[in-house]
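Structural overview for review
Listed below, chain by chain, are the residues.
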Amino acid sequence: MANVRPDDRYRLGIDVGGTFTDLLLVNVRTSAISAKAKVPSTPHDPSEGVLNGIKKICAIANIDMAQVEHILHGTTVATNAVLEGKGVNVGLITTEGHRQILHIDRSFVPGGLAAFIVWNKGPLLAPLEATVEVKERIDAAGRVVRGLDVADLRKQIEVLKREKVEAVTVCLMNAYVNGMHEEAVREVLREEMPNIPVSISSEVLPEMYEYERALTTVANSYICPTISTYITNLQRAVQGSKLSILRSDGGLSSEDNACRFPVNLLMSGPAGGVTGAMWISDKVGYGNLLTMDVGGTSADVALIEGGVPKRRKETRVGDVTVRAQALDVHTVGAGGGSIAHVPTLTNALRVGPESAGAMPGPACYGKGGTAPTVTDANVVLGYLPSALLGGEFKLDIDAAQKAVSGIAEKLGMNVRDAAKGIVDIVNEKMFGALRLVSVEQGYDPRDFALVSFGGAGSLHANAVAKLMGSWPVLVPPSPGVLCAFGDATTRTRHDCSRSFVREFAEVKAEEILTILSGLGEQAAALLEKDGIGREEQELTFAADVRYKGQGLTMPLGIEIEKMEREGLLWLASAFDAEHRKQFHFSFDKDHELVNLRAVVESKPAKAEAIKLEKAGGEDAGEARVGKQEVYMEGKMMQAGIYDRRLLKAGHAVEGPAIITEMDSTTLVLSDCKAVVHETGVILINPKPAPAAAPATLSEKRLREKEEKEVEVEVDVVTLDIVENALRSIKIEMDAVLYRTAMSPGIREQHDQFGLVASPTGQMVVGQFGSFIHGLMQSYTKPIEDGDVILLSDPYSCGGAVSHANDWLAVMPIFTAPKTERVEKGCIVQGELVGWAAMFGHVTDIGGKVACSMPNDACTIYEEGVVIPPVRLYQRGVLNEDLLELILHQCRMPIWNKCDLMAIVASVKLARARILELCGRFGVKEYLKALDLMLERNKMAMGELIRTSIPQEELYFEDYVCDDSMGLGPFKICCTMEKLEGGRLRFDFTGTDRQSPGSINFFLNEDMFRMFCGAYMIQVFDPEIVLNDGFYSLLDVVIPEGSLLKPKKPAALSCRTHALGRIFDILTGLLGQRQPEYLCAAGFSSSPHIMYSGRDEGGKWFQYYGIGFGGIPGRPFGDGADGHSLWPSFTNIPNEFMEKYFPVRIERFYTVPNSGGAGLHRGGNGINIVYRFLEDGELSIHDDRWLTSPWGVNGGRPGERSRKILYRGCPLEEIEGGERVVIPSKCDHVKVKKGDVLHYITWGGGGWGDPLMRPVAAVTADVRRGLVTLEGAEEGYGVVVSKEGAVDLTATEAARAARLSAAAAVVKQEVMRGREGEGSRQGVFDFGFRKGMKATQEEIRMLLSRCEEETGLAPPVLPGEGETHCHLDN
């Protein structure tokens, strides 16, 4: 404490974690670190722990609290409020017709094909009952279409008052371009609710995409009162000190801005670690860093290039993802408390995401925990000393051994190997997370050092660095306190942005520079308001850029001088270069600006690092305080234990070693060496490998012979690591497409599926099964390294792709040849180790209608260009003539080219990743792991067949309503039979013959097998990587010439309805005897809408979208309203559609009562109300307009879909003019400017007796507008008044009467002798039929009621009025 004066002033960094609060005190005059402190956090009131810490650190430094002039605080208060659901009751005001903006979400259901069975949607941050809509409308250009109705607004505010909301969010359509209506609403709210905080979306996030903007602004409101109270109380307690809060983007926010925009604080805690890592690593001389912060429940990783951290426009906390500027920190559920488990079905080792938490914590903590955690595994391996926290906290080693032994027994291995497996898998998860922020972004991790911090970071960092090739590992002093270093050394920051969606060709550089200048002035003024003068500010500019039509927005720094000198050409070139770096392709036109941004920061705060005493040499013996056995490299070793406090600059510690300190333990592996830097940072590097004598030729040949003869063994841990790595590769493949493709079907709705296959073509990771076997049936050319095979013809691959809009790229994966040579004129290739494949649904391939999916096609040739298997790339060289020929057939060639290049980039990426895996584990080991993965799936399916499938033969049928050619309904039926040898047989005999129209679905047998696996295996082990291993256990019979195996050249463009019906049939088959699988019907269809024409300027437009209906009621809960059962699919944002297409979405809401009534209600369908702004044509694909999605176990069917067009509809109405009922499948529907279409999808079937549904649940649905008053009484026997009160007496009477009536019906059925087969049939409520098989009478009765119930003429039964369109040639 030399050179300290009584008048010194101090800067105090404070980081509040879940267990401890860390503090760091810096002398402003000398920049010296004056003191560090750690105190327990106080979750009930975090400010209490902060004040305790301030008192403690001031006492340590022997200063008065008044000398602390600036407190810089990183906090998890905002994060915890969201994670724990402890925000306030938020009211939301939206544009009329868009009240359910949060409820519908983006229609996304996380997980794979069967994920909807077990997924339950969480509560909304702004509940529906506290969400109101106001009459107003602004269009995509910012023009007022309808003025704000203030009288109506005041009525809606009364609803919010009754709901006792504590904060209000305003999010109106297109407010990102014109916030005038939002500002007017806020003024009225200040009059009506003067003490309630209001957040408006045009201030919080002035960017396109209404759901993301609404959720971000609601999250801001949700935590606003909590943060304001916390900061106000803290400021009151530290009067005289300036208080700044660390934001998610690593900058500091003033007290005022932190209270106004608390959504910017959601990642405040992790941001402190990244900024701290930057500071300490700069002192050691490293600018390129990967950071790894490992705590009790998770690991946070980030990338820093050249001393600048990467940022992103997204923050995820739990299930909430908001668009708020943040450091690009990726979080994975891998921490010291992560629990290891072994699912019974697959016998695989899993680690996390469940955590033991602080209480009871790991078993070794002795607080009652018994679950095996990562910390327990480290104890078993000897990687932790017997006591932590400087010897104060003793570990219960026996408890750790006992916990891990349970895992060992299940895996059939010893305890140490099981513990090593747990640690290896958690390291693999951290490795995968680090790859996402490095390799996926185009960075080579070998160019970066790895900085570890957090309580458990330095325990795992050495092993993770070996996986990454990132050296050295940097372990800062007191790594558990590093976040406080970051808080104390970061900058105050403000950024101002503006949405500016314009093509480069439409704007001049001068206009952009003028806007940036204004934004810069605005940001600088805000920082000046915080007390930081202009001379202390640093100003930078950025723009978000993309190719027009892409989903990504890539942030680029703007150099003003270059823009002034070179204009937009410079910015385009910079974007092209970055795009090539990340995705390996670029274009020379169609660049588009999305957002402009100015960022102003204060100059960096100074803090000098400590300087250790220099050691006399490398020998660190004076710091060695003991030794213990550790398990490394498959054997026990002696590791030295070192006290970090005794280490000096220049000391070297040879691994294996354990370096202890108060808040962390550093593990040095046996093949590595740690050196102590003068700043106290420990640098870990690999030991130099001993030089090996060159092998003789005979030795090389002997080694090669031995390698061929040795049978490779792969343990369960390596198997699970390879499985996790393949999962990560699939995620990377998908991300490339989502970010770079232009077709909205790929980019927004994620209509694409990739896979990695074994050398024999079996899918080892993917979604819809392997494409390789089908391809190889017709592809006869040699397979060469670097080839990319392109195809879209379903008949050329056995239906592995199901229609011509799906463009599939397949790439073989060869290892490098051991020697470069030519034999018989051919270049010798390496070993084939697998395949990578990806398909995406491109918007247009030519043909008779825009978007290339004609309803009235009779042959596939009418659909557009049909690509047989051809080499797009041969040995790595693009066939540009072939590409040009294909693109010439399409209406949107730029989109197609971008989509295709993105598809190719994804398979090239997979090839590179697979070769890395082979290099890491060895080719034989990798291939053996694939075999074991396939066998694991086979064993799991075999066990399910043995235990879960009844011996009796089961039958199910369902119907596609029509084929657009006037025929229908078409029956699809399947019989499931259990065979000897533990196999299942699915026989589709009895399915109707192929249609003369385009509803035919070429069902690939392997694809159907994969559907079965998704339903059966993933229900019991959702983490398993599903693959083709079980295919031999499932026999699939599909008659040729049927609807599911049509003869070429039958049309396939409308095949999605049969595809959807396959899933409903599978549910009906498997669920008849297994309640785990039994859901109501809901897949039903995949409704498409296509709208095309030319705008008033003569420019072609072409829109394609997929709608979603109601998810069925399930054993686990209600079906979600308006969500997608298709894996990874999302809806297209309405603001995006309005910006890029001549359409306005007047309404977007779920249809009350459309979900089937049940104990678990079926999800409601959606009504999307389109107002067309230009003359054009429509094509519509839909189904379930005649038959209804059935209910189960007493649940009722969902409502049918329907489409209604209002011609000449007045602007102020949505149901005016001529009303026309549109068929579910039609093309060339002419629409005029101003016409309105109601696009209504089906509701999911209900599950369980609706009379058993809790009255409170029915009442809540009524309050939320999901069930009407009439629907509550008719569907559930619940009588609710207009005021929302339940009449319990009337409800009890109504329910009793219905139960009595139902019992009488059952009694009659029994008396008629139908209790046998009828008992199974009674599980299902099909609506129009009673039995498992529909009778001709029931079908004809359905058709006779068709026109009265739907407004459409009934179809003619297939065979009775059939016209044959080239079915056989």
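Here is what the cut-offs are and how they apply
- Residues numbered from 1 in each chain as written.
- Predicted model: local features only at pLDDT ≥ 70, side-chain atom pairs only at ≥ 80, totals over all residues.
- Heavy atoms only, no water.
- Salt bridge = Lys/Arg side-chain N within 4 Å of Asp/Glu carboxyl O.
- Helix = DSSP H or I, 4+ residues; strand = E, 2+ residues; numbered from the N terminus.
- Axes fitted to C-alpha atoms, helices over the stretch in contact; angles between N-to-C directions.
- Parallel < 35°, antiparallel > 145°, perpendicular 65-115°, else oblique.
- Contact = heavy atoms within 4.5 Å.
- Nonpolar A, V, L, I, M, F, W, Y, C, P; charged D, E, K, R; others polar.
- Pairing = 2+ DSSP bridges.
- Buried < 20%, exposed > 50% of the residue type's maximum accessible area, 1.4 Å probe, protein only.
- Polar contact = N/O pair within 3.5 Å; in protein donor to acceptor, adjacent residues only side chain to side chain.
- 1 Å grid on protein atoms, 1.4 Å probe; cavity = no way out; pocket = protein on both sides within 12 Å on 5 of 7 lines; lining within 4 Å.
- Points joined across faces, edges and corners; volume = space filled by probe spheres on them.
- Arc of directions from axis to C-beta.
- pLDDT = per-residue confidence, 0-100.
- Core = buried A, V, L, I, M, F, W, Y, C linked by side-chain atoms within 4.5 Å.

This model, assessed by the stated rule, comprises 90 salt bridges. Here arginine 146 makes a salt bridge to glutamate 1146, at a shortest N to O gap of 2.9 Å. You can see arginine 146 sitting in strand β8 (residues 144–146) and its partner glutamate 1146 sitting in strand β53 (residues 1143–1150), a full 1000 residues away along the chain. For glutamate 784, the salt bridge identified is with arginine 871, shortest N-O distance 3.3 Å.

We now examine the packing of helix α11 (residues 397–411) against helix α12 (residues 415–437). Two numbers describe how α11 lies on α12: the axes approach to 8 Å, and their chain directions differ by 85°. Between α11 and α12, the angle falls in the class roughly perpendicular. Taken together, the residues of α12 that come into contact with α11 (itself represented by Gln401, Val404, Ser405, Ile407 and Ala408) are Val415, Ala418, Ala419 and Ile422. Residue composition of the contact of α11 with α12, by class: seven nonpolar, two polar and no charged.

Moving on: the sheet that holds strand β10 (residues 198–200). Ordered in space as β6-β5-β9-β10, the four strands form an open sheet in which the pairing is parallel. In the strand order of this sheet, the two ends are held by β6 (131–134) and β10, each with one partner. Between one strand axis and the next, the sheet turns through 20° on average, direction left out of account. Bridge count for strand β9 (residues 167–171) against β10 is three bridges, and the pairing is parallel. From the neighbouring strand, threonine 169 faces β10, where its bridge partner is serine 199. Across the sheet, helix α4 (residues 150–162) touches β5 (90–95), β6 and β9, and the angle it forms with β6 is around 180°.

Strand β35 (residues 664–668) sits mainly inside the fold: five of its five residues count as buried. Because side chains alternate across β35, one face comprises the buried residues Ser664, Thr666 and Val668, and the other comprises Thr665 and Leu667, equally buried. Pairing of strand β34 (residues 657–661) with β35 involves five bridges; the strand directions are antiparallel. If you follow threonine 660 over to β35, its bridge partner there is threonine 665.

The subject of this paragraph is the sheet that holds strand β31 (residues 624–632). Across the sheet, which stays open at both edges, the four strands sit in the order β31-β32-β34-β35 with mixed pairing between neighbours. Edge positions in the open sheet fall to β31 and β35, since each of these has one partner strand only. Direction aside, neighbouring strands of the sheet carry axes that sit 25° apart on average. Sheet topology note: the strand β32 (residues 635–643)/β34 ladder contains four bridges and is parallel. Directly across from isoleucine 641, in β34, lies its bridge partner isoleucine 658.

Our focus in this paragraph is the side chain of glutamate 1146. Residue class for glutamate 1146 comes out buried when judged on its relative accessible area of 1%. Looking at glutamate 1146, its side chain comes within polar contact range of the side chain of arginine 146, at 2.9 Å. There is a polar contact of 2.5 Å between the side chain of glutamate 1146 and the side chain of arginine 1171. Excluding its chain neighbours within four sequence positions, the residues that come into contact with glutamate 1146 are Glu96, Gly97, His98, Arg137, Arg146, Val1169, Arg1171 and Ile1214.

Taken as a whole and assessed by the stated rule, the structure comprises seven cavities of 30 Å³ or more. Counted as a void, the largest cavity has a volume near 190 Å³. Asp751, Phe753, Phe768, Arg1055 and Leu1059 are, among the 19 residues lining the largest cavity, the residues nearest its centre. When residues of the lining of the largest cavity are traced back to their parent elements, those giving at least two are α26 (1056–1071) and β52 (1100–1106). Looking at side-chain class alone, the lining of the largest cavity contains twelve nonpolar, four polar and three charged residues. What lines the second largest cavity is a set of 16 residues, and nearest its centre among them are Ile1106, Gly1107, Asn1131, Phe1148 and Ile1168.

Looking now at helix α29 (residues 1269–1276). Those residues of α29 that fall on the buried side of the exposure criterion are Gly1271, Ala1272, Gly1275 and Tyr1276. Across the axial projection of α29, the buried residues extend over an arc of 105°, all falling on one side. Just past α29, the residue glycine 1277 takes up positive phi, approximately 65°.

This paragraph deals with the environment of proline 690. Structurally, proline 690 is set in the loop between β37 (682–686) and α18 (697–709). Here the alpha-carbon distance between proline 690 and valine 1356, two residues 666 residues apart in the chain, equals 82 Å.

A separate point is the confidence of the model for the protein. For the protein, per-residue confidence averages 88 on the pLDDT scale, and 94% of positions sit at 70 or higher. For the stretch residues 1314–1321, pLDDT sits under 50, and the model shows 15 contacts to residues farther than four places along the chain or on other chains. For the stretch residues 1363–1369, pLDDT sits under 50, and the model shows 18 contacts to residues farther than four places along the chain or on other chains.

Quick look at the nonpolar core now. If you look at the biggest cluster of nonpolar residues, it comprises 200 residues, and the most contacted ones within it are Leu726, Trp807 and Tyr1170. By residue number, the principal contributor to this core is helix α23 (residues 893–921), which donates 15 residues. If you look at the next biggest cluster of nonpolar residues, it comprises 95 residues, including Phe1008, Leu1026, Leu1069 and Trp1126.

Across the twelve residues that make up helix α13 (residues 457–468), a large majority, nine, are buried. Here α13 has its buried residues at Gly457, Ser458, Leu459, His460, Ala461, Asn462, Val464, Ala465 and Met468.

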